[in-house]
Amino acid sequence: MKIVLGRAIALNRGITVDISALITTRKAVFDEYLAGYLRDAQSSSGIFEAFAYSLKAGGKRIRPILAMLACEAAGGPGTAALPVGLAIEMIHTFSLIHDDLPALDNDDLRRGMPTCHKKFGEATAILAGDALIFQALAVICTSPYSPQVKVDLCTAFADVCGTAGLVQGEYEDVLAEGRDVDLSQIEEIYTQKTSRLFEMSLYAGARVACDDKALIGSLAGFGTHLGLAFQAIDDILDVTSDSRTLGKSAGKDLVQRKATVVKALGLDAARIWAQTSTLKAIKALDGLRDDQAETLKGLASWMLKRVM
Ligand code: GRG
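Predicted model only: the values in this text are computed from it and were never measured. (Residues numbered from 1 in each chain as written. Predicted model: local features only at pLDDT ≥ 70, side-chain atom pairs only at ≥ 80, totals over all residues. Heavy atoms only, no water.)

Caption draft 1: Local environment of the site of the ligand. The ligand sits among 19 residues. The nearest are Lys60, Arg63, His92, Arg111 and Glu170. Side-chain polar atom of Lys60 to an oxygen atom of the ligand: 2.5 Å apart, as the coordinates give it. When the free accessible area of the ligand is taken as 710 Å², the share hidden by the protein chains comes to 92%. Those elements that place two or more of their residues in the shell around the ligand are helix H4 (62-73), helix H5 (82-99), helix H9 (166-176), helix H10 (183-209) and helix H11 (213-240). (Near = heavy atom within 4 Å. Polar contact = N/O pair within 3.5 Å; in protein donor to acceptor, adjacent residues only side chain to side chain. Areas by Shrake-Rupley, 256 points an atom, 1.4 Å probe, with all protein chains shown as cover. Helix = DSSP H or I, 4+ residues; strand = E, 2+ residues; numbered from the N terminus.)

Caption draft 2: A look at the nonpolar core. Leu66, Leu219, Phe222, Leu226, Leu296 and Leu299 are the most contacted members of the largest nonpolar core, which totals 47 residues. Elements represented by at least two residues in this core include exactly helix H2 (19-41), H4, H10, H11, helix H14 (261-265), helix H15 (267-283) and helix H16 (290-305). Counting residues per element, this core draws most heavily on H11, which supplies 11 residues. Discounting residues that sit within four places of it in the chain, Leu226 has contacts with Leu66, Phe198, Ala281, Leu299, Ala300 and Met303. Counting residues in hydrophobic clusters, the runner-up holds 43 residues, among them Phe51, Ala81, Leu82 and Ala204. (Core = buried A, V, L, I, M, F, W, Y, C linked by side-chain atoms within 4.5 Å. Buried < 20%, exposed > 50% of the residue type's maximum accessible area, 1.4 Å probe, protein only. Contact = heavy atoms within 4.5 Å.)

Caption draft 3: The packing of H11 against H15, seen in detail. Across the interface, H11 lies against H15 with an axial gap of 8 Å and an inter-helix angle of 160°. In terms of orientation, H11 lies roughly antiparallel with respect to H15. Every pair of crossing elements has a handedness; the one defined by H11 and H15 is left-handed. Where H11 approaches H15, its residues Phe222, His225, Leu226, Leu228, Ala229, Ala232, Ile233, Ile236, Val239 and Thr240 are matched on the opposing element by Leu267, Ala270, Arg271, Trp273, Ala274, Ser277, Thr278, Lys280, Ala281 and Ile282. The class makeup of the residues in the contact of H11 with H15 is 14 nonpolar, four polar and two charged. (Axes fitted to C-alpha atoms, helices over the stretch in contact; angles between N-to-C directions. Parallel < 35°, antiparallel > 145°, perpendicular 65-115°, else oblique. Left-handed = near helix turned anticlockwise from the far one by under 90°. Nonpolar A, V, L, I, M, F, W, Y, C, P; charged D, E, K, R; others polar.)

Caption draft 4: Representation of the pattern of salt bridges. Taken as a whole and judged by the stated rule, the model has 19 salt bridges. Residues Asp159 and Arg196 are paired through a salt bridge, measuring 2.9 Å at the closest nitrogen-oxygen approach. Pair noted here: Asp159 is in helix H8 (residues 147-161) and Arg196 is in helix H10, with a separation of 37 residues, a long-range link. Among the residues examined, Asp159 registers a relative accessible area of 37% and is labelled partly exposed. Residue class for Arg196 comes out buried when judged on its relative accessible area of 12%. For the salt bridge of Asp268 with Arg271, the shortest nitrogen-to-oxygen distance reads 3.3 Å. One end of the pair, Asp268, and the other, Arg271, are both in helix H15, three residues apart, so they sit about a helical turn from each other. Taking relative accessible area as the criterion, Asp268 reaches 49% and is therefore assigned partly exposed. A residue is classified by how much of its surface remains accessible, and Arg271, at 18% relative accessible area, is buried. (Salt bridge = Lys/Arg side-chain N within 4 Å of Asp/Glu carboxyl O.)

Following this line, the structure appears as structure tokens:
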């Protein structure tokens, strides 16, 4: 398939949903749910204060939003995905807190605020990240989901976060700094550090709504490719945007000599790579009805437009 940059516009054809408005409303629903959780879980522990700070610091909430949309695509009410969406956002926030530590990316700014270790000190930030992993599991285990769904979600978490996912991806990312790595190695890093948690978001939203394996598989496949596109877009924005807009330090990939598609291919070809991944994500939804797939397709195109 030959892909040209102008094709991004065509990707939106037939999509009638206002994606920006939809994201704003879903984000508000999630943020209210998170606020309720933090009110109920309120504790005098300094660890609670630190992780609540990072959870509340903002963020696009794209993973819980995707879980809600997958839940709707699978026939459920989006709100049924809120507990697992919260657990995913907790795991994501743990990864950001730890990634920002001096031993890893050593960053001072996250979500437009001082990073957790800058605000609370390194020891507290490490422990706040640790605690978030277990709080996420507690959220799943105490949710209204059926015992089998809880087992499936915890199993998926273990899979996407361990040595086949997030933690391994971070490790490979650190090892690749300053080294010449080829595109397939970059894709492997992107898959582990980013795309698997996207896959989890789609899987989880669908799983709480149904047990139709084919449908869940299609939605998870959409998440896999969308996650790759998302990471490429993030890396493109790192060189084309500024810290104020991003809420984190821009231009760091170049300084730290990170392995990114921009470094491997250059900016224009990286855009095409992001576009190809977006098209693959959309293709993964081929088996779904239009009314099931429209919003997710629209969201994928909307994300890509940020860099086209
Ligand atoms: C420390 C175990 C561990 C994992 C870290 C690599 C990694 C995993 C974290 C570093 C940050 C990074 C580049 C993650 C890749 C995924 C990504 C682009 C995260 C940023 O996600 P957004 O844009 O952030 O959704 P917000 O703040 O909007 O939630």
